[in-house]
Amino acid sequence: MERRTFLKIGGGAAGALLVPVFGEAIAAEELMNPVGLAFKKSLADTALNAAAKAGASYCDVRIGRYLNQFITTRDLNVENIINTESSGVGVRVIANGAYGFASTNDMSPDSIANAARQAVAIARANARLQSEPLRMAPVKGVGDVAWATPYKKDWRTVPVKEKAEMLIAANKAGLDAGASFMTANLFQVNQQKYFASTDGSYIDQDIHRLWAPLTATAVDKATNRFRTRDGLASPMGMGYEYFDARPADKVQAAGGVTTLYRNSYDIVEDARAAAKHAREKLTAKTIEPGKYDLVLSPEHLFLTIHESVGHPTELDRVLGYEANYAGTSFATLDKWQTKKFKFGADRVNFIADKNEKGSLGAVGYDDEGVPAKRWDIIRDGVLVNYQATRDQAHIIGEKESHGCSYADSWNSVQFQRMPNVSLAAGKERLTPDEMVKDVKKGIYILGRGSYSIDQQRYNFQFGGQLYYEIKNGKIVGQVEDVAYQSNTQEFWNACSAICDQRDWRMGGSFFDGKGQPSQVSAVSHGSSTTRFNGINVINTARKIG
Amino acid sequence: MKFLTQEDTKRICDKVMSMTKADECIVTINGGRTGNIRYARNAVSTAGLVENATMGVAVAYGKKQGIATINEFDDKSLEKALRIAEDLAKLAPENPEFMPAVSKQQFRATDTFSAKTAAIDPEFRAQTAAYSIEASRKNKLVSAGFFTDNTSFNTIANSNGVFGHQEATGVDFTCTVRTEDGRGSGWVKRSATDVSRFDAREASDVAIEKALRSVEAKALEPGRYTVILKPAATSELIGFMLGGFDARQADEGRSFLSKKGGGNRMGEKLFDQQVNIWSDPWDKDVGVLPWDGNTMLARERMDMIKDGRVSALDYSLFWAKKQGVRAIGSPGNMIMGGTSKSTQELIANTKKGVLVTRTWYIRLVDPQSVLLTGLTRDGTFYIENGKIKHPIKNFRFNESPVTMLNNIEEIGKPEIIAGDEVQYSMMIPAMKVRDFNFTSLSDAV
């Protein structure tokens, strides 16, 4: 479930004190001091040995240091600058065929050994309520290895003042271009994760992510109407070079209605456009409900992919482990076993890829020490696979895990989380402009908007940020009050065209919630602009009081 | 981590405030322990206990402020956090909307603590899961659930003499029971400050009964229906709307409470006459801390909606000063008035309608009208001539809570309901509402 308001940042100082969602606050200069590798290895060995001595048949240790910074601005004011850090150790074991997990923020050998023994005791207690013992797919130990997100500029080294000025410049551009109000925020994440297991792996990873969401609001007090347009940036797994705004990364949307961004972002330009669009929305025509051909931009389609393809193919949901919270799935094992279940049209191919450069989900190894890989989930429209962890692989006849294990903190237990799941580009040459030419009655939708889907992922409703009416092959202008409702299988079978690789780019979810207690992960979804024929569109305008 | 007493936290707050030369200093200390047990497929999957405490310190030099938090309480760590906050304050740009720390407040203790809840042990949690699993197995059903209990301490202090300390407890239980063939699903949620008001057996039985009764669901055409909405079907919608009672948003013209031409709709009758919603930190069922942790202002009993009229808006310190309004601590709970009528009585008075147990994945479609979309889930039934006739397939709805609260026909007895994605502890009655807008069918069970 994509969380609605993960960060609720209050107006006052104490409000900010209540939201150390990323951990503990620290000064910027302290972010750069890494914890020594030899020290981490020795701590890890302490836990592995203590667990083995206590009777564990398997143990993994995660030593984590989670560094983050977030900056929030409103109009020309910086509201908050907060640095956070959280460090500690999580130990997971298998004893008597069951998992046990314990964690500590005390990095002393005694405390870590004690956590390992606690984990074994919990595993023994859980084993009594277990119906069958865990079966872990094998993983070959990789020895001492390291992996880091490829980045050119480390966000930790960019002065806070420079970042705040960038956000304020964006807000100013929006206000100058006609917005009544602007907000711009910057989230930056660095996860330093050291993983060791009794399989013989010692994996050191340095993961970087960032996101800069903005919103322009236009108000017309005379008519008592207001409209917003959010930024079109994607959250990315890369460095601060994302804000370099390279001309080569700019993409013109179909009909030239706006500029879109690939691997770098021009936040000032987008803020200006957002203000202009929000103002135009105040007088845009309201949509006539009915069936339309939808041309969906990647900045919009990623969330539909996330909800309707990513979540239903999570194996833990399929099996019922998320029944009480996130839900189950229509993509059941019996459908998969037929090898004929038409999830989508023949042209629909979905690929899971934990190696995708620049993506939020890119890692070298998952939180069970499994190397990142790429595999098909839907091939030629047919459901061919799921997303699995080590203990699930045997259920779907896989010899190896897909490497989908993730924990959002050292003190959270790892479980199955979504990898990057992307729609493959079309094989024939096709641009968004060419795609629009073939549409008689349609709507071109850009940006992420309202989203909701049922607990088995059948029925969904999505909105966007920008809607353009298409008539007889031409974009004729903005429309408003649009949402489309469909059924996952019907929708993907209505996929009538996919633009080629030149148009392929990623969107992403920075705050995807799952599990009880809830954990957050970040994941990207790529696609090219894609068309769906005959989709039901409703008008969302209402009058109250 | 030791469970800190009032004396402990007072000493820490005083120490931290005495170490700074900043113009002002604010300290918060929150901590405690949270136990949980999770189960699925009729077996326990995880169980845990988390103990933690965090101190937050904010200092200001003029209109420049810095914030730091830490979870270690030795003198060196406390000082480290303070110095970081001071450094950040010196680096931060001046915020023209900065508001100084509030003056000394009087906090009258509220009812937020139960010794019985604080004494919950792993055996109790295991037994809660066991009731649900065993009863489900007996009925050839599959159970998944989550029980969590927490015991916390909460302290606030500032250099103007504000000091508050209070302990709080709570339990929260959710359980989803499904038939083995996946054609039936039932759900229950229970929340309480005092665990002696929680009965795992009773709660599990409700989910089991709904699961058994919800198989063989028939499809009903989408459209506008008279509905009986249980508290878990409306709490998120109402909570969502009340979260939008922000005075600044309204005054700035970007809220459903904005007035044409400028200003807000305070005092206007936007809802049915029967609608009364208030906040009361001293409420016996859903007590909350007597202060608002954001502003550190004391909370008061506030009528949010009185006889259908907008009676209060939520002001930040900055906006209250700008508009010349007295700022009050933001509410932490919401109580909607009702009657003594049971859901059964509401059903008995209904000729044709739909009973909704729960709504889910609710998102804002249009902030102008607070139009929300979401789905029914885990127990949706057709009512005919005062009786539940049969289960029906789930619907997607597109409806504004403002419209919903205008179309009320009858109100039942309020029940405690903690939200999943709303910030309030709530008491909400079941209600009968006409013309509720279901826009499509869902195959989900």
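Residues numbered from 1 in each chain as written. Chains lettered and ligands numbered in written order. Predicted model: local features only at pLDDT ≥ 70, side-chain atom pairs only at ≥ 80, totals over all residues.

*Asks:* When you look at the overall build of chain A in this model, what are you seeing that I'm missing?
*Replies:* Scanning chain A from terminus to terminus reveals 10 helices and 28 strands. For 545 residues, the compact-globule estimate of 2.2 N^0.38 gives 24 Å, and chain A sits close to it at 24 Å. Taking the principal axes of its C-alpha atoms as reference, chain A extends roughly 70 × 55 × 50 Å. Each of the 545 residues in chain A was classed as buried or not, and the buried ones make up 60%. (Helix = DSSP H or I, 4+ residues; strand = E, 2+ residues; numbered from the N terminus. Rg over C-alpha atoms; globule rule 2.2 N^0.38 Å. Buried ≥ 20, exposed ≤ 12 C-beta atoms within 10 Å, placed from the backbone.)

*Asks:* Looking at this structure, how should I read the packing of helix H4 (residues 160–176) of chain A against helix H5 (residues 267–281) of chain A?
*Replies:* Residue and element names in this part refer to chain A. Relative orientation of the contacting elements H4 and H5 amounts to 30°, with a least axis distance of 7 Å. With respect to their mutual orientation, H4 and H5 come out roughly parallel. Of the two possible hands of crossing, H4 and H5 adopt the one that is right-handed. Residue-level inspection shows Met166, Ala169, Ala170, Asn171, Ala173 and Gly174 of H4 in contact with H5, the latter providing Ile267, Val268, Ala271, Arg272, Ala274 and Ala275. (Axes fitted to C-alpha atoms, helices over the stretch in contact; angles between N-to-C directions. Parallel < 35°, antiparallel > 145°, perpendicular 65-115°, else oblique. Left-handed = near helix turned anticlockwise from the far one by under 90°. Contact = placed C-beta atoms within 7 Å.)

*Asks:* Any chance you could explain H4 of chain A here in plain terms?
*Replies:* Working note: α-helix, 3.6 residues per turn, so residues spaced by three or four point in the same direction. Residues and elements named next belong to chain A. The end-to-end C-alpha distance of H4 is 24 Å, a good match for the 24 Å that 17 residues give at a rise of 1.5 Å each. Along H4, the positions that sit buried rather than exposed are Lys163, Ala164, Met166, Leu167, Ala170, Asn171, Ala173 and Gly174. Where H4 is buried, its residues contact strand S1 (58–74), strand S2 (77–95), strand S5 (181–197), strand S7 (214–220) and H5. (Expected span 1.5 Å × (residues − 1).)

*Asks:* Please explain the pairing of strand S27 (residues 519–527) of chain A as it appears in this structure.
*Replies:* A regular strand places its side chains so that they alternate between the two faces of the sheet. All names here are of chain A. Pairing between strand S26 (residues 505–514) and S27: eight bridges, direction antiparallel. Opposite Gly507, over in S27, you have His525 as the bridge partner. Here S26 folds back onto S27 in antiparallel fashion, the turn holding four residues, of which Gly515 has a positive phi close to 90°. (Pairing = 2+ DSSP bridges.)

*Asks:* Looking at this structure, how should I read the sheet that holds strand S15 (residues 382–383) of chain A?
*Replies:* Paired through backbone hydrogen bonds, the strands of a sheet run either parallel or antiparallel to each other. Residues and elements named next belong to chain A. Judged by pairing direction, the sheet is antiparallel, and its four strands sit side by side in the order S15-S14-S13-S18 without closing on themselves. Lying at the two open borders of the sheet, with one neighbouring strand each, are S15 and strand S18 (421–423). As paired strands, strand S13 (residues 350–353) and S18 are joined by three bridges and run antiparallel to one another. Of the residues in S18, the one forming a bridge with Ala352 is Val421.

*Asks:* What is the right way to read the sheet that holds strand S6 (residues 185–192) of chain B from this model?
*Replies:* Residues and elements named next belong to chain B. A sheet is described by the order of its strands in space; here six strands give the open sequence S3-S2-S1-S4-S5-S6, paired in antiparallel fashion. Only two strands of the sheet have a single neighbouring strand rather than two, namely strand S3 (64–70) and S6. Across the sheet, the mean angle from the axis of one strand to that of its neighbour is 15°, orientation sign disregarded. Sheet topology note: the strand S4 (residues 141–158)/strand S5 (residues 163–179) ladder contains 17 bridges and is antiparallel. Across the sheet, residue Ala157 finds its bridge partner in S5, namely Phe163.

*Asks:* What am I meant to see in the interface of chain A and chain B here?
*Replies:* Size of an interface: often given as the accessible area lost when the parts come together. Tallying the contact residues gives 64 residues for chain A and 82 residues for chain B. The class makeup of the residues in the side of chain A that touches chain B is 31 nonpolar, 25 polar and eight charged. (Nonpolar A, V, L, I, M, F, W, Y, C, P; charged D, E, K, R; others polar.)

*Asks:* So what exactly am I meant to see when it comes to the nonpolar core here?
*Replies:* By size, the foremost hydrophobic cluster in this structure holds 291 residues, and its most contacted members are Ala47, Ala51 and Ala116 of chain A. In this structure Ala116 of chain A touches Ala47, Ala50, Ala51, Ala54, Cys59, Val91 and Val93 of chain A, once residues within four positions along its chain are discounted. (Core = buried A, V, L, I, M, F, W, Y, C linked by C-beta atoms within 7 Å.)

*Asks:* Sorry, what's going on with the domain arrangement of chain A here?
*Replies:* All names here are of chain A. Segmentation of chain A into domains returns domain 1 (1–283) and domain 2 (290–539). At the junction of the two partners, domain 1 supplies 53 residues and domain 2 supplies 58 residues. Of all the elements in the fold, those that place two or more residues in the side of domain 1 that touches domain 2 are S1, S2, strand S3 (98–104), S5, strand S6 (201–211), strand S8 (225–230) and H5. It is S6 that contributes the most residues to the side of domain 1 that touches domain 2, six residues altogether. The class makeup of the residues in the side of domain 1 that touches domain 2 is 25 nonpolar, 15 polar and 13 charged. (Domains from an automatic or database assignment.)

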